[in-house]
Amino acid sequence: KQWYQRRVRGVYRAECSQLLPPLHLKDKMQSYALTAGSNAQIFHMDPVLTPPHIVELMDVKSMLVMRIVEARLGERIHFQNVIKKLLALAWTNPSGESSSINALLTVQDFLNTIQMQCGKDLSDFVDRYVYQPGFSNLNFSFAFNRKRNLADVTIRQKPLHDSEKYVGQLTVLVQEIDGSFTNTLQVEQNDDLQELVCQSKSRRNKKKKIPLFTGEEVDIDLSHTDQDSPLIWLRVDPEMLWLCKISVQMPDYSWHALLLHERDVVYQHIAAETLVNFPTQKTISTLSTVIVDPKCFYKVRIQALQSLAQCVSGNNDPTVNEDLLINLYQKIYGSADNEKIPRMNNFADFPQYFLQQEFMRSVGSVKDQAGMTTPKIVHFLSAQLHYNDNQSNEYDDSYLLVAIIDGLTSTIPLKVDAKAEVILGHVKQILPKVVSLLNIDKRMPSYQQIVSSACLRFIAKLIRYGHIMDNLKDSSIFSAHLKRGQSLHVRCTAIQQLAKFIKNENSERDLNTLLSLVEFDPSPMIRSYAVQQLYKLPLFSRHQECLLNSLHLVHRLWRLLNEHVDPNLRCSLAQLYYTLYGRSTPSCVPTNNCAVVIDLKGQTARSNMPGIPSAMRTFTAKFDEEKRYNSDDSSSSSRKKKRHKSEKDY
């Protein structure tokens, strides 16, 4: 379910940014424009002409839609019967002979098969989720009505288009003091108020264990809640059967109870994310309890750790600082003799191993009220790097080293002032160790040389913000790691950092390095990745005057776009060209609509475009020839034939 939730969120982000076209168009020759206006991006729904990241998102959305279709058919046997029928039709033509010509399946054939096998019409569903883009966004909130013992549920949705409006039924699971109860709501309007009958009476003076949806009975602290309300929390669409984003507004004590006692890891993960909005002492205590609980799902513990780091960052309470995270880490991973020294690595417990990595990154992300890292955090992370001992561990510690270096990268200050100089001095003391790890990883490579990639990211951030020494202050270190012989992971990291360097420094030399990589590198993956990094971090905005926005870049991109036969690379180049220039003429190109302007009355030709003099000479020669024939008074038939022939050629 968490895997499904991540993909639903990815599709939602793409839909919000208007990047995803509909899954299918009724007209095969129809194209779709994602935005209105002259700069609309057009997709013809062809896998060869559609950008790779759009095709990937469409594949994910197709999987989500098929999951909803299976849920709509009811029992699983119905969907299996539909698949069996389609397979039988695919290999048998009407004449009864076996053939693969019928293996092509249209949307309408699929709907007809479902209606024939199950008797259900899904035309409206297909019109909403297949033929139309968009993603529904539902916001739920509830309040307890004491007089009528009801829960007033408010449903709000703000669709950008009519196709994004959700109409249908949703399942709501309400956790009360007497158990969990399932209700069904009919959503039809953008703003709707519905009532749910509470099955439990007032819980005043009641002290007993509360049964959960799984049948387990637990003790829940209800001292901070409304004493007259039997409602504790609610979950909307708990089985995640609909393609829509659902957000629930609840008080903080409901999220605390849900995180501690709910057995659905998806909603526990959501509760850990939402508690960032309530940075109170109770929230910090709840998140700390989940982090140290070994029975809790490890991904929920990781999310709780990330949320705790955000609650600590910039907190006005002086008692809430980085010591909270450091003390938690030392409590779990500290040595028995001295908690400040980490014990020897032992990765036999995988959840603890992943949590230890996240501790390094979360501690490095903690900032004070001024947005700066404290020296204590830098000392803590440098100590983890210094005391890291993997001699008795049967597993490799490369990913732990990467997490420590990433945490140190987060501590690098973005600006230089009196306080930043102190932090920067401590960070620069770690630079020789990082360079040493980079060199060691070349002699004894880690898995995919991930340690080298982390070291490059650390050095790159120092370079971008001008904190590095003179002999490493340019981008030559990244260009050296672009060459063949390096691992794919290292080359991709070098491309990513070089693209950031190009954007910050407007380096035309580095841009030519990446474009040469796109043009001549034998690896299709490296070529496409280089182009993708250039359009994910646009070099300049449209119509912006800068050193990189030149006619040479336009010509080179256009030439690469028309020379390469790799469809993924061509789509990526087209996306880069569209990101930089849109569908209009680039601002660096001369504004004349024609390369050669012909004056028929004056019988002359002129041009302001480079590379046109040969065409001008051709037109001028023909005008001179025409003028010579017009000035000749001879009426011989041979001269007339030559004149007609010349006019025809012209």
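Residues numbered from 1 in each chain as written. Predicted model: local features only at pLDDT ≥ 70, side-chain atom pairs only at ≥ 80, totals over all residues. Heavy atoms only, no water.

Caption draft 1: Here's a closer look at the sheet that holds strand E6 (residues 179–187). Strand order across the open sheet formed by three strands is E6-E5-E10, with antiparallel pairing between neighbours. One side of each edge strand has no neighbouring strand; the edge strands of this open sheet are E6 and strand E10 (231–236). Put simply, the sheet's adjacent strands are angled 25 degrees from each other on average, direction ignored. (Pairing = 2+ DSSP bridges. Helix = DSSP H or I, 4+ residues; strand = E, 2+ residues; numbered from the N terminus. Axes fitted to C-alpha atoms, helices over the stretch in contact; angles between N-to-C directions.)

Caption draft 2: Geometry of the packing of aromatic side chains. Overall, the coordinates contain 15 aromatic pairs when judged by the stated rule. For the pair Phe350 and Tyr395, a centre-to-centre distance of 5.7 Å together with 70 degrees between the ring planes defines the contact as edge-to-face. With Phe350 in helix H11 (residues 350–365) and Tyr395 in the loop between helix H12 (375–386) and helix H13 (398–410), this residue pair connects regions lying 45 residues apart in the sequence. Taking the relative accessible area as the measure of exposure, Phe350 reaches 42% and is therefore partly exposed. Connected via pairs of aromatic rings, a cluster forms that spans Phe297, Tyr298, Phe347, Tyr353 and Phe354. (Phe/Tyr/Trp six-rings, centres within 6.5 Å; stacked < 30°, edge-to-face > 60°. Buried < 20%, exposed > 50% of the residue type's maximum accessible area, 1.4 Å probe, protein only.)

Caption draft 3: Main features of the sheet that holds strand E7 (residues 191–197). Spatial ordering of the open sheet is given by E7-E4-E3-E11, a layout of four strands whose pairing is mixed. Lying at the two open borders of the sheet, with one neighbouring strand each, are E7 and strand E11 (244–249). Averaged over neighbouring strand pairs, the angle between their axes works out to 25 degrees when direction is ignored.

Caption draft 4: Here's a closer look at unusual backbone geometry. In the Ramachandran plot, Met240 falls in the positive-phi region, its phi being about 55 degrees despite a non-glycine side chain. Its location among the elements puts Met240 in the loop between E10 and E11. With phi around 55 degrees, Gln449 is a residue other than glycine that occupies positive phi space. Turning to its location among the elements, Gln449 is positioned in the loop between helix H14 (418–443) and helix H15 (450–464). Using a relative accessible area of 10% as the deciding quantity, one classes Gln449 as buried.

Caption draft 5: Expanded view of the side chain of Arg491. Mapped onto the elements, Arg491 comes out in helix H17 (residues 488–505). Arg491 sits in the buried class, given a relative accessible area of 6%. In terms of polar contacts, Arg491 uses its side chain to reach the backbone carbonyl oxygen of Leu482, at 2.9 Å. Setting aside its immediate chain neighbours within four residues, Arg491 contacts His481, Leu482, Lys483, Arg484, Gln486, Leu517, Asp521 and Ile526. (Polar contact = N/O pair within 3.5 Å; in protein donor to acceptor, adjacent residues only side chain to side chain. Contact = heavy atoms within 4.5 Å.)

Caption draft 6: View of the pairing of E10. Of all six residues making up E10, six are buried, and the element is well covered by its neighbours. As paired strands, strand E5 (residues 168–176) and E10 are joined by five bridges and run antiparallel to one another. The residue of E10 that forms the bridge with Leu173 is Arg235.

Caption draft 7: Molecular detail of the environment of Tyr333. Tracing the sequence through the fold places Tyr333 in helix H10 (residues 322–333). For Tyr333, a relative accessible area of 5% translates into the label buried. Discounting chain neighbours no more than four positions away, the residues touching Tyr333 are Pro342, Arg343, Gln352, Leu355, Gln356 and Phe359. A polar atom in the side chain of Tyr333 sits 3.2 Å from the backbone nitrogen of Gln356.

Such coordinate-based values are descriptive only and should not be taken to indicate function.
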